[in-house]
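# Chains, contacts and geometry: an overview
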Amino acid sequence: MKKHYRSLSVLLTAGMMAGALAGCGQSARMTETATSPSPAESESPATSSSPAYYNDVQAEEACSEPVTGSKGNSILDMFGSSDSSSNSTYTYTPADYPDVTIVPEYNTESYDKPDENGFFLSQGQPLSTFAADVDTASYTNIRRMIESGYSASDINPEAVRPEEFINYFSYDLNGPDKGEKFGVTTEVAACPWNAEHQLMFVGVKAEDELDGELPKSNLVFLIDVSGSMNSENKLPLLQKSFKDLVDNLPGDGTVSIVTYASREEVILDGTSMSDKKAIKSAISKLSAGGSTAGQAGMEMAYEIAKDNFIEGGNNRVIMATDGDLNVGISDPDELERFIKKKKDDGIYLSVLGFGEGNYKDDKLQALADYGNGNYSYIDCESEAHKVLVDEMSSTLVTVAKDVKFQIEFNPAIVNAYRLIGYENRVMDAVDFNNDKKDGGEVGAGHEVVALYEIIPTGAKSSIDLKYQPANEQIPDTGSDDYATIKIRYKEPDEDTSKLVSYVVNNEKFTDTPSDNLAFAGLVSEFAMLLSDSDYSGTISYKDILKAYKDIENTDDYKDEFYNLVRMVEKRS
């Protein structure tokens, strides 16, 4: 695992000055963007999406003053990752640490990801099967790290999930035809990091008859108010985020609030969405303290959701936490078993992650994956607005559940293939037709993008089979299609799946890739570099920065991506 500890000055300052958070991505860019303008000639993105952390220089200057913290487990206490109730204090000064290169081991963040997908021969294994994933938490969490001063070597490779990087952004995808659930966009072009290979783009866009509106809804806010949430980028940011959501909710439906710390508590039960003042007042009064009994809180939240269930409506628990569950269920496998029992009631789950230092990404991802849910990481107010307001219908309304993809590759055209990312969502081929096997949930208007790196049949790097007859090395399938895409899904209130399929024919190949494929390729390159991929080929951060300038259709979020790559490149 790659992990370097930050200097003591940065560590102390980050905890001491968390209350100075003023927006997203400002301070980290302060010293770097001044000398290196963005593609828009140093024009900052209008929508910023990262927290204002202190850079190394600012941190060292700030640490010239004494720092007061709890004595004993002081570093953990300052970061809110300890539930110690000690009131004794000790004043630290720079003189206490003349050499700041040795740092106590404070970071207890946890991540878990299977080994990276490798290549499979189309002739022996033509089927690639995986569950849909519309989560974006990995990208925003890594953005938080980069904005706070991490170099590439500081980032845990297991925190990098390429599909969540790719799916954070919007693409120009075909919408579904009338009466259909999905629209599909496909394209094949040369692979930018390996000249002998090709890159296949698969983009799926779900129907959005809601047009951004929320139907009659039963929402339960499940809020972690334990001691570990007691820092500015946790509970206070959470409160601002939920109040912003409440301001934008329609009046048709109910809101309930369940909190959990040492014990669970029902703050509101079935309050009308139109009573925004009462809901926001309840959120404002929340305070952090105690241990983290997440299991009891989840039990209560689902019980309240069931009591207020709306037939044919949108029933959802929105869980907000740093994931540091230390009472009751804490193991990801236990979480899987627990949450699977709850999802059959027609109640969906949204998971919102907050904070740093003790962040438990593995637990939150397990909750979302197994609970008919989606998973986002909130690092600032603008990201909360993006997830909960701008993308309200796609985040909070499921239009297709248990969505699975199965791509069958034609060995006459594709010698071998590799799915980029989705390691946590790969399925056995036989599970595609098994309605008892879970897939992913897709919201109204949601986009799901997958990339495949392809070795063309006949290429110098193609893999030959020693014991196959020579005339069977390149099988004659009677088709020049690249692949056939099958999508299996269930309606939100049904248990029997439906199947649709689309063909990727040879007309999808292009010498000049669209902005869709070009940008998705750059994002996957960035993810591969950050995760020490075995397949990153010849790419570098400078290559990504250069190629980005050729993309015509950009936006604030894509410009921000450029800035993140530039920050990492300068620290490399």
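Position numbers for residues count from 1 along each chain, tracking the sequence in the order it is written. The predicted nature of this model means local features are confined to residues of pLDDT at least 70 and side-chain atom pairs, given and counted, to a pLDDT of 80 or more, with totals for whole chains, interfaces and linings taken over all residues. Working from all heavy atoms in the structure, the side-chain values ignore hydrogens and water.

## Some details on the overall build of the chain
Regarding its fold elements, the chain presents 16 helices and 18 strands. Summary of the burial criterion: residues with accessible area below 20% of their type's maximum are buried, those above 50% are exposed, and those between are partly exposed, where the area comes from a 1.4 Å probe applied to protein chains only. By residue count, 57% of the 572 residues in the chain fall in the buried class. Two residues form a contact once any of their heavy atoms are found within 4.5 Å. For the chain, restricting intrachain contacts to residue pairs at least 6 apart in sequence, the fraction spanning at least 24 positions comes to 82%. All accessibility values rest on the Shrake-Rupley procedure with a 1.4 Å probe; residue burial counts only the protein chains present in the view. Carbon together with sulfur atoms contributes 45% to the accessible area of the chain, which is approximately 23,000 Å² in total. The numbering of helices and of strands both runs from the N terminus, where a helix is a DSSP run of H or I of at least 4 residues and a strand a run of E of at least 2.

## Some remarks on the side chain of glutamate 207
Assignment of secondary structure puts glutamate 207 in the loop between strand 6 (198-206) and strand 7 (217-224). Here the side chain of glutamate 207 touches lysine 181 through a polar contact of 2.9 Å, side chain to side chain. Sequence-distant contacts of glutamate 207, defined by excluding residues within four places in its chain, comprise Pro176, Glu180, Lys181, Val399, Ala444 and Gly445. A 3.5 Å cut-off defines polar contacts: any pair of N or O atoms within that distance qualifies, except that in protein one atom must be a possible hydrogen donor and the other a possible acceptor, and neighbouring residues in sequence count only when both atoms are side-chain atoms.

## Section: a negative patch on the surface
Each patch is built from residues lacking any salt bridge and having more than 30% relative accessible area; the joining distance is 9 Å for like charges and 5 Å for nonpolar side chains (Val, Leu, Ile, Met, Phe, Trp, Tyr). Whenever Lys or Arg places a side-chain nitrogen within 4 Å of a carboxyl oxygen from Asp or Glu, that contact is recorded as a salt bridge. Charged residues are defined here as Lys and Arg on the positive side and Asp and Glu on the negative side; His and the ends of the chain fall outside this count. Lysine's charge is taken at NZ, arginine's at CZ, aspartate's at CG and glutamate's at CD. On the surface, Asp208, Glu209, Asp211 and Glu213 cluster together to form a negatively charged patch. Along the polypeptide, glutamate 213 turns up in the loop between strand 6 and strand 7. The class for glutamate 213 is exposed, based on a relative accessible area of 53%.

## A look at helix 16 (residues 556-571)
To estimate how far a helix should reach, multiply one less than its number of residues by 1.5 Å. For helix 16, spanning 16 residues, the distance from its first C-alpha to its last is 23 Å, which sits close to the expected 22 Å at 1.5 Å a residue. Summarising burial for helix 16: twelve of the 16 residues are buried, a large majority. Listed in full, the buried residues belonging to helix 16 are Tyr557, Lys558, Asp559, Glu560, Phe561, Tyr562, Asn563, Leu564, Val565, Arg566, Met567 and Val568. The N-cap residue of helix 16 is aspartate 555: its side-chain oxygen and the backbone nitrogen of tyrosine 557 are 3.1 Å apart.

## So, the layout of surface pockets
The space that makes up the largest pocket amounts to roughly 760 Å³. Residues are said to line a cavity or pocket when one of their atoms sits within 4 Å of a point; the points come from a 1 Å grid over protein atoms alone, cavities being sets where a 1.4 Å probe fits but cannot get out and pockets being open sets with protein on both sides within 12 Å along at least five of seven lines. In this structure, the largest pocket is lined by 32 residues; those nearest its centre are Tyr348, Glu491, Pro492, Asp493 and Glu494. Elements with a contribution of two residues or more to the lining of the largest pocket: strand 10 (314-321) and strand 13 (398-409). Around the second largest pocket sit 22 residues that line it, and Glu336, Asp369, Tyr370, Asn424 and Arg425 are the ones nearest its centre. Those elements that provide at least two residues to the lining of the second largest pocket are helix 10 (332-342) and helix 11 (361-370). Tallying contributions element by element places helix 11 first for the lining of the second largest pocket, with five residues. Under this grouping Gly is polar, as are all residues other than the nonpolar Ala, Val, Leu, Ile, Met, Phe, Trp, Tyr, Cys and Pro and the charged Asp, Glu, Lys and Arg. Split into classes, the residues belonging to the lining of the second largest pocket amount to seven nonpolar, three polar and twelve charged. Grid points are joined across faces, edges and corners, and a volume is the space filled by probe spheres set on the points.

## Details of the nonpolar core
For the purposes of this section, nonpolar cores are sets of buried Ala, Val, Leu, Ile, Met, Phe, Trp, Tyr and Cys residues that join through side-chain atoms within 4.5 Å. Counting residues in each nonpolar core, the largest one holds 72 residues, and the members touching the most others are Phe526, Leu530 and Phe561. Filtering out sequence-adjacent residues up to four positions away, phenylalanine 561 remains in contact with Tyr139, Phe169, Phe519, Leu522, Val523, Phe526 and Ile544.

## Focus: the packing of helix 14 (residues 515-530) against helix 15 (residues 541-548)
Helix axes are fitted to C-alpha atoms over the stretch in contact, other axes to C-alpha atoms as well, and angles between N-to-C directions run from 0 to 180 degrees. Closest axis-to-axis distance for the helix 14/helix 15 pair is 10 Å, and the angle between their directions is 165°. Put simply, helix 14 runs roughly antiparallel to helix 15. Along this stretch, helix 14 crosses helix 15, giving a crossing that reads as left-handed. Two secondary-structure elements touch here, helix 14 through Phe519, Leu522, Glu525, Phe526, Leu529 and Leu530 and helix 15 through Tyr541, Ile544, Ala547 and Tyr548. Looking at the contact of helix 14 with helix 15, its residues break down into nine nonpolar, no polar and one charged. Note on terminology: angles under 35 degrees are roughly parallel, angles over 145 are roughly antiparallel, angles of 65 to 115 are roughly perpendicular, and the others are oblique. Take the far helix as your reference; a near helix turned counterclockwise from it by less than a right angle gives a left-handed crossing, and one turned clockwise gives a right-handed crossing.

## Some words on the side chain of serine 394
Within the fold, serine 394 resides in helix 13 (residues 392-396). A polar contact of 3.0 Å, which involves the side chain of serine 394, links it to the backbone oxygen of glutamate 391. Not counting residues up to four positions away in its chain, the partners in contact with serine 394 are Asn374, Gly443, Ala444 and His446.

## Side note on the packing of helix 15 against helix 16
Where helix 15 contacts helix 16, the axes come no closer than 9 Å and their chain directions differ by 150°. Put simply, helix 15 runs roughly antiparallel to helix 16. Helix 16 is crossed by helix 15, and the crossing has left-handed handedness. Between helix 15 and helix 16, the contacting residues are Tyr541, Lys542, Ile544, Leu545 and Tyr548 on the first element and Lys558, Asp559, Phe561, Tyr562, Val565, Arg566, Val568 and Glu569 on the second. Of the residues contributing to the contact of helix 15 with helix 16, the split by class is eight nonpolar, no polar and five charged.

## Some remarks on empty space enclosed by the protein
The gaps of empty space that remain are located by a probe, the size of a water molecule, rolled over the atoms. Applying the stated rule across the entire model yields one cavity of 30 Å³ or more. Around the largest cavity, the lining residues are Ala132, Asp133, Val134, Asp135, Ala368, Asp369, Gly373, Arg425, Gly439, Gly440 and Glu441. Elements with a minimum of two residues in the lining of the largest cavity: helix 11 and strand 15 (440-443). Its residues assigned to classes, the lining of the largest cavity comprises three nonpolar, three polar and five charged.

## Regarding the pairing of strand 8 (residues 253-260)
Within strand 8, eight of the eight residues are buried, which leaves the element mostly enclosed by the surrounding structure. Residues of strand 8 alternate between two faces, with Gly253, Val255, Ile257 and Thr259 on one and Thr254, Ser256, Val258 and Tyr260 on the opposite face, all of them buried. Across eight bridges, strand 7 lies against strand 8 in parallel orientation. Pairing of aspartate 224 across the sheet is with tyrosine 260, part of strand 8. When DSSP finds at least two bridges between two strands, those strands are taken to pair. Strand direction decides the pairing type here: strand 8 and strand 9 (residues 264-272), joined by six bridges, are antiparallel. Among the inter-strand pairings, tyrosine 260 is bridged to a residue of strand 9, identified as glutamate 264. Linking strand 8 to strand 9, which pair antiparallel, is a turn of three residues.

## A closer look at the sheet that holds strand 16 (residues 447-456)
Spatially, 3-14-16-6-5 is the arrangement adopted by the five strands of the open sheet, whose pairing is antiparallel. Lying at the two open borders of the sheet, with one neighbouring strand each, are strand 3 (120-121) and strand 5 (182-190). Across nine bridges, the pairing between strand 5 and strand 6 is antiparallel. Looking at the pairing, valine 184 lines up with valine 204 of strand 6. Helix 14 rests against strand 5, strand 6, strand 14 (414-419) and strand 16 of the sheet, and its axis sits at about 105° to strand 6.

Read these as layout, nothing more, since geometry by itself doesn't imply function.
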